Amino acid sequence: MDASKERPDEAEGLRLIRAFLTLPPDKRAEVIAFVEELARVHGRPEEGAKASPR
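Notes on the structure in this doc start here. Computed from a predicted model, the values in this text were never measured in an experiment.

Structural notes on the overall build of the chain
Of regular secondary structure, the chain possesses 2 helices and 0 strands. Scored against the burial criterion, the 54 residues of the chain give a buried share of 0%. When the accessible surface of the chain is summed, it comes to about 5400 Å², and 60% of that surface belongs to carbon and sulfur atoms.

Written out as structure tokens, the structure reads:
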């Protein structure tokens, strides 16, 4: 693993989480619905199935 790439990805993830948590509850619900729809459209592995490595 490349530690220099991992840190910026981790920081970006934390920024996204912070931004999500600052949203009002109705906007959070919209984001959750949007992400669930994306997951449904792109398909998810069966429950209990292993995710493919990146």
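A short note on the packing of aromatic side chains
Using the criterion set out here, one finds 0 aromatic pairs in the structure. Lying over the aromatic face of Phe-20, Arg-28 brings its terminal NZ or CZ to 5.8 Å of the ring centre.

So, the pattern of salt bridges
Tallying each qualifying case throughout the model produces 4 salt bridges. A salt bridge links Glu-10 to Arg-7, with the shortest nitrogen-to-oxygen separation between them at 3.8 Å. With a gap of 3 residues between them, Glu-10 and Arg-7 both fall in helix 1 (residues 3-22), about one helical turn apart. By relative accessible area, which is 59% here, Arg-7 ends up exposed. A salt bridge links Arg-40 to Glu-37; the nearest nitrogen and oxygen atoms lie 2.5 Å apart. You can see Arg-40 and its partner Glu-37 sitting in helix 2 (residues 25-42), 3 residues apart, about one turn around the helix.

Here we look at the environment of Arg-28
In this structure, Arg-28 sits in helix 2. Residue class for Arg-28 comes out partly exposed when judged on its relative accessible area of 29%. Ignoring sequence-local partners within four residues, the contact set of Arg-28 consists of Phe-20, Leu-21 and Leu-23.

A few points about a nonpolar patch on the surface
A cluster of nonpolar side chains, contributed by Val-31, Phe-34, Val-35 and Leu-38, occupies part of the molecular surface with about 340 Å² of accessible area. Following the sequence through the fold, Val-31 ends up in helix 2.

Calculation criteria
Residues numbered from 1 in each chain as written. Predicted model: local features only at pLDDT ≥ 70, side-chain atom pairs only at ≥ 80, totals over all residues. Heavy atoms only, no water. Helix = DSSP H or I, 4+ residues; strand = E, 2+ residues; numbered from the N terminus. Buried < 20%, exposed > 50% of the residue type's maximum accessible area, 1.4 Å probe, protein only. Areas by Shrake-Rupley, 256 points an atom, 1.4 Å probe, with all protein chains shown as cover. Phe/Tyr/Trp six-rings, centres within 6.5 Å; stacked < 30°, edge-to-face > 60°. Lys NZ or Arg CZ within 6 Å of the ring centre and 35° of its normal. Salt bridge = Lys/Arg side-chain N within 4 Å of Asp/Glu carboxyl O. Contact = heavy atoms within 4.5 Å. Patch = residues over 30% accessible without salt bridge, like charges linked within 9 Å, V, L, I, M, F, W, Y side chains within 5 Å.

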